[in-house]
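Chain by chain, the residues run as shown.
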Number of protein chains: 2
Amino acid sequence: MKRDWLPGKTACDKVRPVQGSLESRVRLLNIKQIRYFASAVAYGSLTAAAKHEYVSVQAISKSLSDLERELGYSLFSRKSHGIAPTAFGNAFLREATSVLKGFERLETFATCWGGGARISG
Amino acid sequence: MKRDWLPGKTACDKVRPVQGSLESRVRLLNIKQIRYFASAVAYGSLTAAAKHEYVSVQAISKSLSDLERELGYSLFSRKSHGIAPTAFGNAFLREATSVLKGFERLETFATCWGGGARISG
DNA sequence: CCCAATTACGAATCTCGTAACTATG
DNA sequence: CATAGTTACGAGATTCGTAATTGGG
């Protein structure tokens, strides 16, 4: 999540050079950040989220800090014993949840498909 | 997308050791693969998709090959002048499109939010 | 001191471009 | 030969775990 640019006013409105001569559209968000965030809110702390996501607290902390920096808004306030989402965090969570649901549907769909063409090996 | 395991019968049903002593749940899919796939179908070839996604054809080809391997199904057939989605590919695309829409909504939402708490710097 | 989170740093992993190659027409 | 895609390889970018540190209770 180490990025040398900041998000613009609208999503996907920037281009940067990358690895040689090509360029790349800037993108916000990735599914892992969204998942970590939803988990953190659901379980009330980064520590609890880390357990459920099978990663270290540090990974969650870093990922979510990056997410906040990229979005430009604070997603939750850090309390002594866990976290509490901000107004933005709550609003973001609602949208995020539907994205995660869609992702799960897609995974389920793919693993349950029996229509043929399965690759062998 | 280099993974040493294969997807199981249901999504997220496997655990593997990773980087030290922790373990990690296996996950299918990432947003980039889905975006590349949708683009490839929309534009009819990997080459065209690569242009629109600002990456090389090789990156698209690799990403989608990995996706097919992970899913266990072929997503499209390679023709002399482009590609054509399989039955599975078409079905997958329908679900994938709604996920991508959700993602875009989330990006738009985040960049258009004006409720406060914006991080300075 | 305990607990939750963050920062620092390095190793493992992943992404993707260049180059070389295969296949179809 | 021209076009579309694939494979191989390595450089650069990202992820994440361990260790050390900070801050509230």
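Note that the structure is predicted; figures quoted are calculated from it, not measured.

Participant: Even after reading the chapter, I still don't get the overall build of chain A, so can you show me in this structure?
Facilitator: If you tally the helices and strands in chain A, you get four helices and four strands. Across chain A, helices and strands are ordered from the amino to the carboxyl terminus as β-β-α-α-α-β-β-α. Buried residues in chain A amount to 43% of all 121 residues. Pairs at least 24 apart in sequence give 45% of the contacts found in chain A among residues at least 6 apart. As presented, chain A carries roughly 6500 Å² of accessible surface, and 53% of it is formed by carbon and sulfur atoms.

Participant: What is the right way to look at the UniProt feature "domain: HTH lysR-type" (unreviewed entry) in chain A in this model?
Facilitator: The UniProt record annotates "domain: HTH lysR-type" (unreviewed entry) at residues 29–86 of chain A. A helix fraction of 62% and a strand fraction of 14% characterise residues 29–86 of chain A, whose end C-alpha atoms lie 18 Å from each other.

Participant: Looking at this model, I keep getting lost on the packing of helix H1 (residues 31–43) of chain A against helix H4 (residues 87–112) of chain A. Mind explaining?
Facilitator: Geometry of a packed helix pair, given as the angle between the helix axes and the separation of the axes. Residue and element names in this part refer to chain A. Put simply, H1 and H4 touch, their axes get as near as 9 Å, and they point 120 degrees apart. By the angle between their axes, H1 is oblique relative to H4. Here H1 runs over H4; the crossing is left-handed. Between H1 and H4, the contacting residues are Ile31, Ile34, Arg35, Phe37, Ala38 and Val41 on the first element and Gly89, Phe92, Leu93, Ala96, Val99, Leu100 and Phe103 on the second. Looking at side-chain class alone, the contact of H1 with H4 contains 11 nonpolar, one polar and one charged residues.

Participant: Sorry if this is basic, but what is going on with the nonpolar core here?
Facilitator: As a rule of thumb, nonpolar side chains are buried together in soluble globular proteins. With 63 residues, the main nonpolar core has A:Phe92 and B:Phe92 as its most contacted residues. When near neighbours in sequence (up to four residues on either side) are disregarded, B:Phe92 contacts A:Leu106, A:Phe109, A:Ala110, B:Leu29, B:Phe37, B:Leu67, B:Leu71 and B:Leu75.

Participant: Explanation requested: the environment of A:Tyr36 in the structure shown.
Facilitator: Residues and elements named next belong to chain A. By the element assignment, Tyr36 lies in helix H1. The class for Tyr36 is buried, based on a relative accessible area of 8%. C-alpha separation for the pair Tyr36 and Val55, spaced 19 residues apart in sequence, amounts to 9.9 Å. Among residues more than four places away in sequence, those in contact with Tyr36 are Glu53, Val55, Ile60, Ser63 and Leu64.

Participant: I keep staring at helix H2 (residues 46–53) of chain A and nothing clicks. Help me out?
Facilitator: Counting along an α-helix, one turn takes 3.6 residues, and residues three or four places apart therefore face a common direction. Residues and elements named next belong to chain A. If you check which residues of H2 are buried, you get Leu46, Ala49, Ala50 and Glu53. One side of H2 carries all its buried residues, which in axial view fall inside an arc of 105 degrees. Looking at the buried residues of H2, the elements they touch are H1, helix H3 (57–71), strand S3 (76–79) and strand S4 (82–85). Directly beyond the C-terminal end of H2, a positive phi value near 60 degrees is found at Tyr54.

Participant: Even after reading the chapter, I still don't get the pairing of strand S3 (residues 76–79) of chain B, so can you show me in this structure?
Facilitator: Successive residues of a regular strand alternate their side chains across the two faces of the sheet. Residues and elements named next belong to chain B. Sheet topology places S3 next to strand S4 (residues 82–85); four bridges connect them, and they run antiparallel. The residue bridging Phe76 from the neighbouring strand is Pro85, located in S4. Counting the residues that bridge the hairpin from S3 to S4 gives two residues.

Participant: Help me understand the side chain of B:Thr86 in this model?
Facilitator: Residue and element names in this part refer to chain B. Within the secondary structure, Thr86 sits in the loop between S4 and helix H4 (87–112). Taking the relative accessible area as the measure of exposure, Thr86 reaches 19% and is therefore buried. Residues within four places of Thr86 in sequence aside, it is in contact with Ser74, Leu75, Phe76 and Ser77.

Here is what the cut-offs are and how they apply
Residues numbered from 1 in each chain as written. Chains lettered and ligands numbered in written order. Predicted model: local features only at pLDDT ≥ 70, side-chain atom pairs only at ≥ 80, totals over all residues. Heavy atoms only, no water. Helix = DSSP H or I, 4+ residues; strand = E, 2+ residues; numbered from the N terminus. Buried < 20%, exposed > 50% of the residue type's maximum accessible area, 1.4 Å probe, protein only. Contact = heavy atoms within 4.5 Å. Areas by Shrake-Rupley, 256 points an atom, 1.4 Å probe, with all protein chains shown as cover. UniProt positions renumbered as here; feature names shortened; annotations may be inferred. Axes fitted to C-alpha atoms, helices over the stretch in contact; angles between N-to-C directions. Parallel < 35°, antiparallel > 145°, perpendicular 65-115°, else oblique. Left-handed = near helix turned anticlockwise from the far one by under 90°. Nonpolar A, V, L, I, M, F, W, Y, C, P; charged D, E, K, R; others polar. Core = buried A, V, L, I, M, F, W, Y, C linked by side-chain atoms within 4.5 Å. Arc of directions from axis to C-beta. Pairing = 2+ DSSP bridges.

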